[in-house]
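Each chain is listed here by its residues.
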Amino acid sequence: MLTVTRVVHASVLLDFGGARILTDPWLSERRFYYQGEPRSIATAADLPELAGIVISHEHYDHCDLAALIEYPDRTVPFAVVPGLAAKVRAAGFANVTELAPWQTTHLGPVEVTAAPAKHGVPEVTFVLRADGHTVYFGADTLRIAELDEVARRFPDIDLALLPINGLRIRPLLNHQVVMDAAEAADLTRALRPRLSVPIHYAFTSGPIGDRVMTKSDRNRPDLYLDAAADLAPDTKVHILDPGISLTV
């Protein structure tokens, strides 16, 4: 059995028959980085026992190592983007594997394969497989053509977790760094997952930051729901509030 539970933003708990994987932990807030929705887990000390943690890239809202220090099991294994292992080890977690696209490791019984991504900094996305289920975790990548290869290598995806807010950086002439709802729907069409859950859509830079730093489609999972219905009608979309679980 596979269960997915959103924590907040792109941080999700995947439970493969008792083997739990945490994606892109973000368990605190700071100036210009606000989650915009209630976090379902207050601190890392409140996390359940984990089989592993995957981290797509080192941006604070996906790699909150300072907050993760409160997790009591320092032997928990990590799979991370190349270049990040030293920082994870410096935070006190020694069991770290870096994965470039199409490299694979195991976190307990869960097979983890890195896939391509593009976000302005080094990033990977992940395919996770265990207990007869396959999950694609899209972190906060742009929609790039290289992601079509995921469907060729993994033709039977049960669940896709896809970012949808189309984040843009205002000082960089509104340069886009995350796929938007329509692009996520197009990726859904390519991946052909049985189910999909949108992620990465409530984030806010705050009243000032949203005006001068970032621009996005905030809190609009309905845009993805409608676009996916048009482009990927065979995929069932579920919108999950933090703390709500879905059995796949």
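Parameters at a glance
Residues numbered from 1 in each chain as written. Predicted model: local features only at pLDDT ≥ 70, side-chain atom pairs only at ≥ 80, totals over all residues. Heavy atoms only, no water. Helix = DSSP H or I, 4+ residues; strand = E, 2+ residues; numbered from the N terminus. Rg over C-alpha atoms; globule rule 2.2 N^0.38 Å. Buried < 20%, exposed > 50% of the residue type's maximum accessible area, 1.4 Å probe, protein only. Contact = heavy atoms within 4.5 Å. Areas by Shrake-Rupley, 256 points an atom, 1.4 Å probe, with all protein chains shown as cover. Lys, Arg positive; Asp, Glu negative; His and termini not counted. Charge placed at Lys NZ, Arg CZ, Asp CG, Glu CD. Pairing = 2+ DSSP bridges. Axes fitted to C-alpha atoms, helices over the stretch in contact; angles between N-to-C directions. Salt bridge = Lys/Arg side-chain N within 4 Å of Asp/Glu carboxyl O. Phe/Tyr/Trp six-rings, centres within 6.5 Å; stacked < 30°, edge-to-face > 60°.

**Digging into the overall build of the protein chain**
Next, step 1: For the protein chain, the helix and strand inventory stands at six helices and 17 strands.
Next, step 2: What you see for the protein chain is a C-alpha radius of gyration of 16 Å, in line with the 18 Å of a compact globule of 248 residues.
Next, step 3: Projected onto the principal axes, the alpha-carbon positions of the protein chain cover approximately 40 × 40 × 30 Å.
Next, step 4: The 248 residues of the protein chain split such that 56% are buried.
Next, step 5: Residue pairs in contact within the protein chain that sit at least 24 positions apart in sequence constitute 61% of those at least 6 positions apart.
Next, step 6: Carbon and sulfur atoms form 52% of the exposed surface of the protein chain, whose accessible area is close to 10000 Å².
Next, step 7: The positive charge centre, built from 23 side chains, and the negative charge centre, built from 31, are 4 Å apart in the protein chain.

**Examining the sheet that holds strand β17 (residues 245-247)**
Consider a sheet: its strands pair through backbone hydrogen bonds, and that pairing is either parallel or antiparallel.
Next, step 1: Pairing in this open sheet of seven strands is mixed, and the strands run β6-β5-β4-β3-β2-β1-β17 from one edge to the other. Each edge of the sheet is formed by a strand with only one pairing partner; in this case those strands are β6 (96-98) and β17. Averaged over all pairs of adjacent strands, the angle between strand axes in this sheet comes to 20°, irrespective of strand direction.
Next, step 2: Pairing analysis gives three bridges linking strand β1 (residues 2-8) to β17, with the strands arranged antiparallel. Looking at β17, one finds that Thr-5 is bridged to Ser-245.

**Here's the deal with the pattern of salt bridges**
Next, step 1: By the definition in use, this model includes eleven salt bridges.
Next, step 2: Where Arg-129 meets Glu-111, a salt bridge forms, and the shortest distance between an N and an O atom there is 2.8 Å. Within this pair, whereas Arg-129 is found in strand β9 (residues 125-130), its partner Glu-111 is found in strand β8 (residues 110-115), the two being separated by 18 residues in sequence.
Next, step 3: Using a relative accessible area of 18% as the deciding quantity, one classes Glu-111 as buried.
Next, step 4: For Asp-148, the salt bridge is made with Arg-143, and the minimal N-O distance between the two is 2.8 Å.
Next, step 5: For Asp-148, a relative accessible area of 35% puts it in the partly exposed group.
Next, step 6: According to the relative accessible area criterion, Arg-143 is buried, its value standing at 18%.

**Some thoughts on the sheet that holds strand β12 (residues 168-169)**
Next, step 1: Across the sheet, which stays open at both edges, the three strands sit in the order β13-β12-β15 with antiparallel pairing between neighbours. Edge positions in the sheet fall to β13 (175-176) and β15 (214-215), since each has one partner strand and no second.
Next, step 2: Inspection of the sheet shows β12 paired to β15 by two bridges, in the antiparallel sense. By the bridge assignment for β15, Arg-168 is matched with Lys-215.

**Let's talk about the packing of aromatic side chains**
Next, step 1: Enumeration over the complete set of coordinates arrives at five aromatic pairs.
Next, step 2: Judged by centre distance (5.9 Å) and plane angle (80°), the rings of Trp-26 and Tyr-60 are edge-to-face. Placement of Trp-26 in the loop between β3 (19-23) and β4 (52-55) and of Tyr-60 in the loop between β4 and α1 (65-68) is noted, with a sequence separation of 34 residues between them. Taken individually, Trp-26 and Tyr-60 each receive the classification buried, so the pair is uniform in this respect.
Next, step 3: A network of ring pairs unites the aromatic residues Trp-26, Tyr-33, Tyr-60 and Phe-203 as a single cluster.

**Structural notes on the environment of Ile-144**
Next, step 1: Here Ile-144 lies in the loop between β10 (133-137) and α3 (148-153).
Next, step 2: Among the residues examined, Ile-144 registers a relative accessible area of 13% and is labelled buried.
Next, step 3: In this structure Ile-144 touches Pro-116, Ala-117 and Lys-118, once residues within four positions along its chain are discounted.

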